[in-house]
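# An overview of the molecular structure
So you can see what is in the structure, the chains are spelled out below.
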Amino acid sequence: MRTLRAILTLSVLYALTLGPAPMVSGRVVVERATSGAVEVFTMDWTDFLNEPYDSRIEPFNHALDEAMQRVEAHPKDLASPYLLKRPFRLVAPYVTERGRGLAAAPITGVAWPDQVRTPFTIIPVVRQVRHSRAELEAVLDAVMPPGGDPRILAGHIDAERNRAEIEVNDVDLRLRRRLAQEYGSDMVAILWSPGVMYDDL
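Attention in this report is confined to the structure presented alongside it. These numbers were taken from a predicted model, which means no experiment stands behind them. (Residues numbered from 1 in each chain as written. Predicted model: local features only at pLDDT ≥ 70, side-chain atom pairs only at ≥ 80, totals over all residues. Heavy atoms only, no water.)

### So, the overall build of the protein
- When you go through the protein residue by residue, the secondary structure sums to six helices and eleven strands.
- Here the protein, with 201 residues, has 40% of them falling under the buried criterion.
- The contacts in the protein between residues at least 6 apart in sequence include a share of 56% that link residues at least 24 apart.
- Counting only carbon and sulfur atoms, one obtains 55% of the accessible surface of the protein, whose full area is about 11700 Å². (Helix = DSSP H or I, 4+ residues; strand = E, 2+ residues; numbered from the N terminus. Buried < 20%, exposed > 50% of the residue type's maximum accessible area, 1.4 Å probe, protein only. Contact = heavy atoms within 4.5 Å. Areas by Shrake-Rupley, 256 points an atom, 1.4 Å probe, with all protein chains shown as cover.)

Below is the structure:
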């Protein structure tokens, strides 16, 4: 809770000094990406944590697992899949022409929403993207070596935005510029979690 209050307070300060901070899906963009510096954003998990469970998602969760197995088998052709809601859809991004065929293949299985056996066939929504799973994993490996920058807490792949995201507890323009210079400002972003320490994770 202390960290969330700090994030919201700092977001208000940035809004007052830099103009409105756009919020999308709980994301507050603190510094927009430029050609020479990567984006910095914070997270507000309130809506996510308060969203009620919908059992209709269960077939899509199973399909997401299957799509992820495809990505792990073909990481240079595909990028990480993800789910969209209202209505539920499975999005399967691809990079190569071979990947497009892999991503588009229907996924069948059986789910048990509300303890009811439910066979399903889901046809993924395919989307061409710039960066493969292998490329983004290589970025994370390079940015977070053992004994590297102590400000870096964690890293993950944002499937929907097709980029690597680095979580830090302190950020400056030099770090933003270094990441943009080495990887491009569309391939990496910084999740700023002020006040978080390794012991908190």
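Following the structure, the description resumes.
### A few points about the sheet that holds strand β5 (residues 89-94)
- Strands sit in the order β4-β5-β8 across an open sheet of three strands; the sheet is mixed. Edge positions in the sheet fall to β4 (82-84) and β8 (125-128), since each has one partner strand and no second. Pairwise comparison of adjacent strand axes, ignoring direction, gives a mean angle of 35 degrees for this sheet.
- Here β5 runs beside β8; their pairing, made up of four bridges, is parallel. Note on β8: the bridge partner recorded for A92 is V126. (Pairing = 2+ DSSP bridges. Axes fitted to C-alpha atoms, helices over the stretch in contact; angles between N-to-C directions.)

### So, the side chain of E165
- Along the chain, E165 falls in strand β10 (residues 163-168).
- Within the local environment of E165, its side chain forms a polar contact with the side chain of R27, the two groups lying 3.1 Å apart.
- Of note is the side chain of E165, whose polar atom sits 2.9 Å from the side chain of R163.
- Those residues within four positions of E165 in sequence are excluded, and the remaining contacts are R27, F41, L140, A154, G155, H156, D158 and A189. (Polar contact = N/O pair within 3.5 Å; in protein donor to acceptor, adjacent residues only side chain to side chain.)

### As for the packing of aromatic side chains
- If you walk through the whole model with that rule in mind, you get one aromatic pair.
- A centroid spacing of 5.6 Å and a plane angle of 35 degrees characterise the contact between F60 and F88, whose relative ring orientation is tilted. Of the two residues, F60 sits in helix α3 (residues 58-73) while F88 sits in the loop between β4 and β5, which places them 28 residues apart along the sequence. (Phe/Tyr/Trp six-rings, centres within 6.5 Å; stacked < 30°, edge-to-face > 60°.)

### Some thoughts on the nonpolar core
- Counting residues in hydrophobic clusters, the biggest one holds 18 residues, and the most contacted among them are I166, V168, L179, V188 and I190.
- Counting only elements with at least two residues in this core, the list comes to α5 (133-143), β10, α6 (173-183) and β11 (188-192).
- Top element by residues in this core is α5. It accounts for four residues.
- Judged by nonpolar contacts, the second largest core, of ten residues, contains F60, F88, L90 and I107. (Core = buried A, V, L, I, M, F, W, Y, C linked by side-chain atoms within 4.5 Å.)

### A few points about the pattern of salt bridges
- A complete count under the given rule lists 15 salt bridges for this structure.
- Close ionic contact of D158 with R27 constitutes a salt bridge, the shortest N to O distance being 2.7 Å. Of this pair, D158 sits in strand β9 (residues 152-158) while R27 sits in strand β2 (residues 27-31), and the two are 131 residues apart along the sequence. Side by side, D158 and R27 carry an identical accessibility label, which is buried.
- One salt bridge in this structure joins D149 and R151, with 2.8 Å as the shortest N-O distance.
- Given a relative accessible area of 24%, D149 falls into the partly exposed group. (Salt bridge = Lys/Arg side-chain N within 4 Å of Asp/Glu carboxyl O.)

### Section: the side chain of S80
- Looking at the secondary structure, you find S80 in the loop between α3 and β4.
- In this structure S80 touches M68, V71, P93, R133, I157 and A159, once residues within four positions along its chain are discounted.

### Details of a nonpolar patch on the surface
- Together, W45, F48 and L49 make up a nonpolar patch on the protein surface, roughly 390 Å² of accessible area in all.
- Turning to its location among the elements, F48 is positioned in helix α2 (residues 46-50). (Patch = residues over 30% accessible without salt bridge, like charges linked within 9 Å, V, L, I, M, F, W, Y side chains within 5 Å.)

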